[in-house]
Every structure is written in C-alpha cells, then in structure tokens.
Amino acid sequence: MENKKAYVTFANAKRLTRSIITPSGFLSGEKLYEYIFETNLSGVLNEKEAMDLYKIKLLAEKSDLPSSFKVKDIGNNGEINRDSLEKIPYSVHMKVLKRSILERDDLLFSIAGTIGRVAIVDNDLNNSNVNQALGIIRLNDKLQHLNLVWLSLQSDRTQKNIISKVVQGVQANTSLANLRDIPIIIPSLELLTKWNNVIGDLMVNFRLNQFSSRTLQKTRDTLLPKLLSGELDVSDLDIENEG
C-alpha cells in the first residue's frame, strides 16, 4: 500500500525549491515594438533609468539575442527544439520578462495547452526566456534534487494529479497553485545520496546523448545540401564499405 505520509507538496518543501513562477507577461507584434519605442523616451528618465536604458541598447546591438520558447517547442521526451525558438529584444527580456529569465538546470512544466510536458534547461539555453504557459521550478540544491524532481514530475502519479485539475477553456490550462501542490517524496540525505550515485550517471549520459543527437542533426543539415548541390565533393575520399 502506498505511504501517502511520505509525500510533501512543493509549497511545503521549503528546502527543496527556491521558487516556482510563471512569466508576468508576454509581448508580441505591434505591442512589443510599441514598448521598445516607449522605453526610448530618455527625456523622462532619471539618471539610473537612463543608464539602464543605455546598457540595454548596448546589449541589443549584439547579434546573439536571447531566445524565448513555448510549450510547442518542447517534445514529449522533454527535448527542446532549438530550431523553432524565437528571438526577443533585450529591452523586453530584461524588463517585461525579467522574472522569467531562465538559469541552467531550471525545470520547466507546461501548465497550458499540452499539460504536463517536462524539460530541463541545458547550458546553451541559460539566460533564455519562456511564456506564461510554462511554470519554472528552481531548486535550492540542484545537484542533490534535480534528478529526483525531474523523474517525479514525469511519473504517472504526478501527471494524473495535474491532469485531474485541468480547466477546459479556449485551451486546457491549470494553475501555478496546482503546480505548487504537486506531492513529491523527499528521502533522507543518506538514501538520496545512494539513489543519486545510481541515477546520476544515467542522467548525465541521457543529456549527453541528447546533446550528441542535436550536434549530429545540425551537422547533417549543414552538409547535406552541400552534398546534393555538388558544392561538397567526397568522391576522392577513401571510404570502405563493410559488407
């Protein structure tokens, strides 16, 4: 029989999570450009605000604008499709969406549209952003608890729990309060350490395999058109076919 006393909710596990948040808003299209235009009214800014605006302008000149993604960019296996990510101006990233700037090893949980998709923020997505349909779970001790919480969020128990609280509207959605109320087991430090010794290597290999897969896909997409067009000639390569 399942021991329900072994579970504690995110909201009550103060030592587990630093924060569980969603973005405060998301601008797009004309509204986004209206916001950028309004923030350039430097005549009404004080000295500190003018300096902040100057820093934003400098950052905006860089070509590597921050990425922003949505639920549709996360696959069923938790892989984030880098090719479909949108770019957002630094002025929006650092002001309107400041509270949803991501950190490495943040956990994402979809709470609108396709409910229950789970992803980990890899190093290459550090300092990116998300919209309101994704809850951000930021752990206090990522080294100890990341694997445990990541697997717990994908478990049948958690998925059924969150689906049971879905509200059907224009699109299916659940609340951040429901995300905070997800029950999760927090084992003793001794047991957790033993568990991590087994699962840790598996998780590292899993994420390395995802990285290798993305790298191979990018290489294929770069080389294949050149091979088909004849721009890249491999006829002189000594390639042996093993029968």
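Source: prediction; values computed, not measured.

1. Remarks on the pairing of strand S8 (residues 134-139)
For S8, a buried count of 6 out of 6 residues is recorded, marking the element as mostly surrounded by other parts of the structure. Judged by which residues are buried, S8 turns out to be covered on both faces: Leu134, Ile136 and Arg138 on one side and Gly135, Ile137 and Leu139 on the other are all buried.

2. Points about the layout of surface pockets
Taken as a whole, the largest pocket encloses approximately 420 Å³ of empty space. Taken as a whole, the second largest pocket spans an internal volume of roughly 280 Å³. Lining the second largest pocket, in full, are Asp105, Lys142, Leu143, Gln144, Leu146, Asn147, Thr193, Asn196, Gly200, Met203, Val204 and Arg207. If you list the elements that add at least two residues to the lining of the second largest pocket, you get helix H4 (142-154) and helix H7 (189-229). Among the elements that make up the lining of the second largest pocket, the one with the highest residue count is H7 (6 residues).

3. Examining H4
Over its 13 residues, H4 runs 17 Å from end to end, which matches the ideal 18 Å to within 8%, given 1.5 Å per residue. Restricting attention to buried positions, one finds in H4 the residues Lys142, His145, Leu146, Asn147, Leu148, Val149, Trp150, Ser152 and Leu153. One side-chain oxygen of the residue at the start of H4 lies 3.3 Å from the amide nitrogen of leucine 143, identifying that residue as aspartate 141.

4. Thoughts on the side chain of histidine 93
For histidine 93, the location among the structural elements is in helix H3 (residues 90-96). A distance of 3.0 Å separates polar atoms of two side chains, one belonging to histidine 93 and the other to asparagine 129. Filtering out sequence-adjacent residues up to four positions away, histidine 93 remains in contact with Pro66, Ile88, Lys98, Ile101, Asn127, Ser128 and Asn129.

5. Focus: the packing of H4 against helix H5 (residues 156-163)
The N-to-C vectors of H4 and H5 enclose an angle of 55°; their axes lie 4 Å apart at closest approach. Considered as vectors, H4 and H5 are oriented oblique to each other. When H4 is examined against H5, the residues Ser152, Leu153 and Gln154 are found in contact with a partner set consisting of Asp156, Thr158 and Gln159. Among the residues forming the contact of H4 with H5, the class breakdown is 1 nonpolar, 4 polar and 1 charged.

Parameters at a glance
- Residues numbered from 1 in each chain as written.
- Predicted model: local features only at pLDDT ≥ 70, side-chain atom pairs only at ≥ 80, totals over all residues.
- Heavy atoms only, no water.
- Buried < 20%, exposed > 50% of the residue type's maximum accessible area, 1.4 Å probe, protein only.
- Helix = DSSP H or I, 4+ residues; strand = E, 2+ residues; numbered from the N terminus.
- 1 Å grid on protein atoms, 1.4 Å probe; cavity = no way out; pocket = protein on both sides within 12 Å on 5 of 7 lines; lining within 4 Å.
- Points joined across faces, edges and corners; volume = space filled by probe spheres on them.
- Expected span 1.5 Å × (residues − 1).
- Polar contact = N/O pair within 3.5 Å; in protein donor to acceptor, adjacent residues only side chain to side chain.
- Contact = heavy atoms within 4.5 Å.
- Axes fitted to C-alpha atoms, helices over the stretch in contact; angles between N-to-C directions.
- Parallel < 35°, antiparallel > 145°, perpendicular 65-115°, else oblique.
- Nonpolar A, V, L, I, M, F, W, Y, C, P; charged D, E, K, R; others polar.

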